[in-house]
Amino acid sequence: MNQEGLRPAGNAAVSMPNPRGGRSCLLVVCLIFCAIGTAIWIPLFVLPVARIIAARRWEPTACVIRAAELETVRGGDGNTFRFKVRYEYLRDGRAYEGNRFNFVDVATSGRAWKKARLREYPVGAERTCYVDPTDPSQSVLERGPTRDLWFGLIPLAFLVVGLAGLVFASGRWQRSR
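Residues numbered from 1 in each chain as written. Predicted model: local features only at pLDDT ≥ 70, side-chain atom pairs only at ≥ 80, totals over all residues. Heavy atoms only, no water.

Trainee: Just to check I follow, could you spell out the overall build of the protein chain for this structure?
Mentor: When its secondary structure is counted, the protein chain shows 4 helices and 5 strands. Going residue by residue from the N terminus, the α and β elements of the protein chain occur as α-β-β-β-α-β-β-α-α. Relative to its full complement of 177 residues, the protein chain shows a buried share of 29%. Look at the contacts in the protein chain between residues 6 or more apart in sequence, and 70% of them connect residues 24 or more apart. A total accessible area of about 11800 Å² is found for the protein chain, and carbon and sulfur atoms account for 57% of it. (Helix = DSSP H or I, 4+ residues; strand = E, 2+ residues; numbered from the N terminus. Buried < 20%, exposed > 50% of the residue type's maximum accessible area, 1.4 Å probe, protein only. Contact = heavy atoms within 4.5 Å. Areas by Shrake-Rupley, 256 points an atom, 1.4 Å probe, with all protein chains shown as cover.)

Trainee: It is not clear to me how a nonpolar patch on the surface should be interpreted in this structure. Could you clarify?
Mentor: A contiguous nonpolar surface patch, about 400 Å² in accessible area, is contributed by Val28, Ile32, Ile36, Ile40 and Phe158. Secondary-structure assignment places Val28 in helix α1 (residues 19–55). Residue Val28 is classed as partly exposed on the basis of its relative accessible area of 48%. (Patch = residues over 30% accessible without salt bridge, like charges linked within 9 Å, V, L, I, M, F, W, Y side chains within 5 Å. Salt bridge = Lys/Arg side-chain N within 4 Å of Asp/Glu carboxyl O.)

Trainee: Looking at this model, I keep getting lost on the side chain of Arg91. Mind explaining?
Mentor: For Arg91, the position within the fold is in strand β2 (residues 78–91). Discounting chain neighbours no more than four positions away, the residues touching Arg91 are Glu59, Thr61, Tyr96, Val131, Pro133 and Pro136.

Trainee: Which parts of the structure should I look at to understand helix α2 (residues 111–120)?
Mentor: Since the α-helix turns once every 3.6 residues, residues separated by three or four places project in the same direction. Trp113, Lys114 and Arg117 are the residues of α2 that are buried. Down the axis of α2, the buried side of the element spans an arc of 95 degrees, and every buried residue falls inside it. Along α2, the residues that are exposed and aim more than 90 degrees away from the buried face are Ala112 and Arg119. (Arc of directions from axis to C-beta.)

Trainee: Sorry if this is basic, but what is going on with the side chain of Arg82 here?
Mentor: Looking at where Arg82 falls in the secondary structure, it is placed in strand β2. There is a polar contact of 3.1 Å between the side chain of Arg82 and the side chain of Asp105. In this structure Arg82 touches Glu69, Leu70, Glu71, Val73, Asp105, Val106, Ala107 and Lys114, once residues within four positions along its chain are discounted. (Polar contact = N/O pair within 3.5 Å; in protein donor to acceptor, adjacent residues only side chain to side chain.)

Trainee: Which parts of the structure should I look at to understand the nonpolar core?
Mentor: Generally speaking, nonpolar side chains in soluble globular proteins are found buried as a group. Val85, Tyr87, Tyr89, Phe101, Cys129 and Leu141 are the most contacted members of the largest nonpolar core, which totals 13 residues. When residues of this core are traced back to their parent elements, those giving at least two are β1 (59–75), β2 and β4 (126–131). In terms of nonpolar packing, the next biggest core, distinct from the first, is built from 10 residues, Phe45, Trp58, Phe103 and Leu149 among them. (Core = buried A, V, L, I, M, F, W, Y, C linked by side-chain atoms within 4.5 Å.)

Trainee: Explanation requested: the pattern of salt bridges in the structure shown.
Mentor: Any two side chains of opposite charge can pair, so long as their charged atoms come close to each other. The tally for this structure, following the rule as stated, stands at 6 salt bridges. Members of the salt-bridge network, linked through shared partners, are Glu71, Arg82 and Asp105.

Trainee: Hey, could you run me through the pairing of strand β3 (residues 94–98) in this one?
Mentor: Along any regular strand the residues' side chains alternate between the sheet's two faces. Inspection of the sheet shows β2 paired to β3 by 5 bridges, in the antiparallel sense. Each residue of the ladder has a partner; that of Arg91, found in β3, is Arg94. (Pairing = 2+ DSSP bridges.)

Trainee: Mind showing me how you'd approach the sheet that holds β4 here?
Mentor: Two modes of strand pairing occur in sheets, parallel and antiparallel, and in both the strands are linked by backbone hydrogen bonds. Sheet architecture is open: 5 strands sit in the order β3-β2-β1-β4-β5, paired in antiparallel fashion. Edge positions in the sheet fall to β3 and β5 (139–140), since each of these pairs with one other strand and no more. In terms of strand pairing, β1 meets β4 through 6 bridges, oriented antiparallel. Bridging across to β4, Thr61 finds its partner in Cys129.

Trainee: Got a minute to help me understand the environment of Ile32 in this structure?
Mentor: Within the secondary structure layout, Ile32 lies in helix α1. A sequence separation of 126 residues divides Ile32 from Phe158, and the C-alpha atoms of the two residues are 9.1 Å apart.

Trainee: What should I look at first to understand the environment of Phe81 in this one?
Mentor: Secondary-structure assignment places Phe81 in strand β2. Distance in space between the C-alpha atoms of Phe81 and Val106 is 8.3 Å, their sequence separation being 25 residues. Sequence-distant contacts of Phe81, defined by excluding residues within four places in its chain, comprise Leu70, Glu71, Thr72, Val106, Ala107, Thr108, Ser109, Arg111 and Lys114.

This is the structure in structure tokens:
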């Protein structure tokens, strides 16, 4: 019997919670957060920013808008919208067709902003596109950052939470006190 008059049934051992098990679970969850954050952040923000920087060296070229539309993407939480455009341009005497508006191809809820693009890029209008001098088949209408780019920062929250959790779970925060 123990001091309180209770004894374990049979030969059952009394197990205490293992603090290392909880830490291991937290590490796994934090690694998952880091992986999800990184996997979404890179294509939605890092790669477009790298393309924006590279496109600063692309050459301005006259182009003609051949088609422009607002695509509606239906979803369970409501509709999102994507501005789609097709344009033609000449480079070194050869005709090319482009369809890249900017470097972030996501559908978002910003319908008014995208409708304004329809007015800005009407069919038949002559505009300036930017062409990669090393590969003239690559072009873009807006080579700088656009408001859709900032949606790519949202996954960064997953990465930061995951990294903070890893520091906490590893016990480093206690050692620095």
